[in-house]
Amino acid sequence: MTQTQKILVTGATGTVGRQVVAELLARGHAVRALTRDAARATLPAGVEVVQGDLTAPDSMIPALEGVTGLHLITFGGAYFAPLETGPRILEPARAAGVRRVTVLHGGGPSLLEDAVRAADGVDWTVLMPVEFMANALEWADGIVASDEVREPFVSRLSAMVHEGDIGAVAAVALTEEGHAGQEYVITGPELLTVGDKVATIAAARGRDISLVELTEEQAVAQWRAAGHPEDVIGFLLEAYGNTPEVGRTVLDTVEKVTGHRARTFAKWSAEHADAFTATAPAVMA
């Protein structure tokens, strides 16, 4: 059994951050959560919520006092704008005595990730999850309104990962030995097409869902209507139309690191079935 440690989690109210918090609490550790608006944060009892901003590293200094581990995200702003403050975050963390750092890979180059890798005296672990299962919540409004999912490239394959498993891998790396200098690609336990995902959600909520395949042009129009910037649309076209091998390869990282098998999309769908019915609003986890 590991000794109780205090961990600072940034991005603690986000999809993955909430899971890191939950896993650390479940393992008996103390959690301090950094958020831009502490008054509005809704986190479990026992979490120490503090206000701070990764884009203003000096605001983090009080939050670093007494912590042994630090979970970092690499973005700060709309559409995952990369942080430009990497070195200025790592310097006070090292000075405060932080021993272990996990960083959630943001999908591209990052000054913060570079600073973490270069930091002396810190055991770092980079977490590189593939597609989040929580991304399926983007379909919730359409499913609730018309029992329909409208997507392009429906035969594309994904090894999508339960966000709880990302949190579990982070929690282990932040509190146990043996994970320094590792780059963990984190996947789910199976390959799924869009049709597989839709059928799984339908089974979980007990009602059929129609899958309408869009052309590339129709998909672009739909994304523009939803307000996505052109660079995001370009990313989606590439990611969905030409999914890289890493995104469609099942790995056993979760089981190796945590000791339990990766959670299935069926489990995730059962946990979120209410989001796909007319009786509950569709909200991100």
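Look up a bit, the structure's there.
Read on for a plain summary of the structure. (Residues numbered from 1 in each chain as written. Predicted model: local features only at pLDDT ≥ 70, side-chain atom pairs only at ≥ 80, totals over all residues. Heavy atoms only, no water.)

Some thoughts on the overall build of the protein chain
A tally of regular secondary structure across the protein chain gives 10 helices and 9 strands. With the principal axes as the frame, the protein chain shows a C-alpha extent of 55 × 40 × 40 Å. Sequence separation of 24 or more characterises 74% of the internal contacts of the protein chain that already satisfy a separation of 6 or more. Just so you have it, the protein chain exposes about 13,300 Å², and 51% of that area is on carbon and sulfur atoms. Of the side-chain charges in the protein chain, 22 are positive and 37 negative, and the distance between the mean point of each set is 4 Å. (Helix = DSSP H or I, 4+ residues; strand = E, 2+ residues; numbered from the N terminus. Contact = heavy atoms within 4.5 Å. Areas by Shrake-Rupley, 256 points an atom, 1.4 Å probe, with all protein chains shown as cover. Lys, Arg positive; Asp, Glu negative; His and termini not counted. Charge placed at Lys NZ, Arg CZ, Asp CG, Glu CD.)

Brief notes about the packing of helix 1 (residues 15-26) against helix 5 (residues 163-175)
Across the interface, helix 1 lies against helix 5 with an axial gap of 7 Å and an inter-helix angle of 55°. When the interaxial angle is binned, helix 1 and helix 5 end up oblique. Both helix 1 and helix 5 take part in a crossing whose hand is right-handed. In this structure, helix 1 contributes Thr15, Val16, Gln19, Val20, Glu23 and Leu24 to the contact, and helix 5 contributes Glu163, Gly164, Ile166, Gly167, Ala168, Ala170, Ala171, Leu174 and Thr175. Class assignment for the residues of the contact of helix 1 with helix 5 results in 8 nonpolar, 5 polar and 2 charged. (Axes fitted to C-alpha atoms, helices over the stretch in contact; angles between N-to-C directions. Parallel < 35°, antiparallel > 145°, perpendicular 65-115°, else oblique. Left-handed = near helix turned anticlockwise from the far one by under 90°. Nonpolar A, V, L, I, M, F, W, Y, C, P; charged D, E, K, R; others polar.)

As for the packing of helix 7 (residues 216-225) against helix 8 (residues 230-241)
As a packed pair, helix 7 and helix 8 sit with axes 10 Å apart at the nearest point and diverge in direction by 140°. In the crossing of helix 7 with helix 8, the sense of the turn from one axis to the other is right-handed. Where helix 7 approaches helix 8, its residues Glu216, Val220, Trp223 and Arg224 are matched on the opposing element by Glu230, Ile233, Leu236, Leu237 and Tyr240. Counted by class, the contact of helix 7 with helix 8 contains 6 nonpolar, no polar and 3 charged residues.

Points about the pairing of strand 6 (residues 123-129)
Looking along a regular strand, one sees the side chains alternate between the two faces of the sheet. With 5 of 7 residues buried, strand 6 is to be regarded as a mostly interior element. Bridging between strand 5 (residues 100-104) and strand 6 involves 5 bridges; their strand directions are parallel. Each residue of the ladder has a partner; that of Arg100, found in strand 6, is Asp123. Crossover handedness for the path strand 5 to helix 3 (residues 111-118) to strand 6: right-handed. (Buried < 20%, exposed > 50% of the residue type's maximum accessible area, 1.4 Å probe, protein only. Pairing = 2+ DSSP bridges. Right-handed = clockwise from strand over helix to strand, strands pointing away.)

Considering the pattern of salt bridges
Under the criterion given, the structure shown has 19 salt bridges. Of the charged contacts in the structure, one is a salt bridge between Lys6 and Glu48, with a shortest N-O distance of 4.0 Å. Remark: Glu48 occurs in strand 3 (residues 48-51) and Lys6 occurs in strand 1 (residues 6-10); sequence separation between them is 42 residues. For Lys6, a relative accessible area of 29% translates into the label partly exposed. With a relative accessible area of 35%, Glu48 lands in the partly exposed category. Taking the shortest distance from any N to any O, the salt bridge between Arg36 and Asp53 comes out at 3.5 Å. Of this pair, Arg36 sits in the loop between strand 2 (30-35) and strand 3 while Asp53 sits in the loop between strand 3 and strand 4 (69-73), and the two are 17 residues apart along the sequence. (Salt bridge = Lys/Arg side-chain N within 4 Å of Asp/Glu carboxyl O.)

Some remarks on helix 5
The end-to-end C-alpha distance of helix 5, which contains 13 residues, comes to 19 Å, matching closely the 18 Å that a straight helix rising 1.5 Å per residue would cover. Across the 13 residues of helix 5, 13 count as buried, placing the element largely inside the fold. (Expected span 1.5 Å × (residues − 1).)

Focus: the sheet that holds strand 8 (residues 182-186)
Taking strand neighbours across the sheet as the criterion, the 7 strands line up as 3-2-1-4-5-6-8 in an open arrangement whose pairing is parallel. For this open sheet the edge positions go to strand 3 and strand 8, each flanked by a neighbour on one side alone. Sheet twist, expressed as the mean angle between neighbouring strand axes with direction ignored, is 20°. As judged from the 5 bridges shared by strand 6 and strand 8, these two strands associate in the parallel manner. Considered in strand 8, the bridge of Met128 is made with Val185. Lying over the sheet, helix 3 contacts strand 4, strand 5, strand 6 and strand 8, oriented at roughly 140° with respect to strand 6.

Focus: unusual backbone geometry
Phi at Asp147 is positive, roughly 55°, even though this residue is not glycine. Judged by relative accessible area, Asp147 falls into the buried class, the value being 19%. Although it is not a glycine, Phe153 sits at a positive phi angle of roughly 50°. Secondary-structure assignment places Phe153 in the loop between strand 7 (148-152) and helix 5. The class of Phe153 is partly exposed, set by a relative accessible area of 23%.

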